[in-house]
Amino acid sequence: MPQQDDLYDILFDEIKKDRDVKDKAPLLGDLFIINEEAETKAKKIAAYDRLIKYFSHRTKWDEEIIQYLSNRYAAIK
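Residues numbered from 1 in each chain as written. Predicted model: local features only at pLDDT ≥ 70, side-chain atom pairs only at ≥ 80, totals over all residues. Heavy atoms only, no water.

### Remarks on the overall build of the protein chain
Thought 1: When you go through the protein chain residue by residue, the secondary structure sums to 4 helices and 0 strands.
Thought 2: Buried positions account for 36% of the 77 residues belonging to the protein chain.
Thought 3: Residue pairs at least 24 apart in sequence account for 51% of intrachain contacts in the protein chain once pairs closer than 6 positions are excluded.
Thought 4: Accessible surface computed for the protein chain: about 5,200 Å², of which carbon and sulfur atoms make up 52%. (Helix = DSSP H or I, 4+ residues; strand = E, 2+ residues; numbered from the N terminus. Buried < 20%, exposed > 50% of the residue type's maximum accessible area, 1.4 Å probe, protein only. Contact = heavy atoms within 4.5 Å. Areas by Shrake-Rupley, 256 points an atom, 1.4 Å probe, with all protein chains shown as cover.)

### Here's the deal with the side chain of Lys 44
Thought 1: Structurally, Lys 44 can be placed in helix α3 (residues 41–56).
Thought 2: The charged side chain of Lys 44 is buried without a salt bridge, its nearest counter-charge being Glu 37 at 4.9 Å.
Thought 3: In terms of polar contacts, Lys 44 uses its side chain to reach the backbone carbonyl oxygen of Glu 36, at 3.2 Å.
Thought 4: Each residue touching Lys 44, except ones within four places of it in the same chain, is listed here: Ile 33, Ile 34, Glu 36, Glu 37, Glu 39 and Ile 76. (Lys, Arg positive; Asp, Glu negative; His and termini not counted. Salt bridge = Lys/Arg side-chain N within 4 Å of Asp/Glu carboxyl O. Polar contact = N/O pair within 3.5 Å; in protein donor to acceptor, adjacent residues only side chain to side chain.)

### Description of the confidence of the model for the protein chain
Thought 1: For the protein chain, the mean per-residue pLDDT works out to 85, and 90% of the residues sit at or above 70.
Thought 2: Here helix α1 (residues 4–16) stands out as the least confident element of the protein chain, with mean pLDDT 81; helix α2 (residues 25–35) is the most confident, with 93. (pLDDT = per-residue confidence, 0-100.)

### Brief notes about the environment of Asp 20
Thought 1: With respect to the secondary-structure elements, Asp 20 resides in the loop between α1 and α2.
Thought 2: By relative accessible area, which is 72% here, Asp 20 ends up exposed.

### A few points about the side chain of Lys 24
Thought 1: Along the chain, Lys 24 falls in the loop between α1 and α2.
Thought 2: We note that Lys 24 is buried and unpaired, the nearest opposite charge coming from Asp 18 at a distance of 6.4 Å.
Thought 3: A distance of 3.0 Å separates a polar side-chain atom of Lys 24 from the backbone oxygen of Asp 18.
Thought 4: For Lys 24, the contacting residues outside a window of four places in its chain are Ile 15, Lys 16 and Asp 18.

### With respect to the packing of α3 against helix α4 (residues 63–76)
Thought 1: Relative orientation of the contacting elements α3 and α4 amounts to 160°, with a least axis distance of 10 Å. Comparing their axes, α4 and α3 come out roughly antiparallel. Note on packing geometry: the crossing formed by α3 with α4 is left-handed. Between α3, through Lys 41, Lys 44, Ile 45, Tyr 48, Asp 49, Leu 51, Ile 52, Phe 55 and Ser 56, and α4, the contact on the second element is made entirely by Ile 65, Ile 66, Leu 69, Ser 70, Arg 72, Tyr 73 and Ile 76.
Thought 2: For the contact of α3 with α4, the residue count by class is 10 nonpolar, 2 polar and 4 charged. (Axes fitted to C-alpha atoms, helices over the stretch in contact; angles between N-to-C directions. Parallel < 35°, antiparallel > 145°, perpendicular 65-115°, else oblique. Left-handed = near helix turned anticlockwise from the far one by under 90°. Nonpolar A, V, L, I, M, F, W, Y, C, P; charged D, E, K, R; others polar.)

Pasting the structure below:
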């Protein structure tokens, strides 16, 4: 399994190259929120919810990405 930093980079790259998403700023902002220590728990939970929903509803998604997000989400909840 890749290191968490590698998976974060993968998430960032996947969002950036998704041609179906016109406004990528909210999703990229969510990536920033989940990695920012100063963010509130409520903001992090909301960001994880949006990211998990985005990646799990894509036509092509990687189980490892969903597992990574789910594990981090469970840790803060």
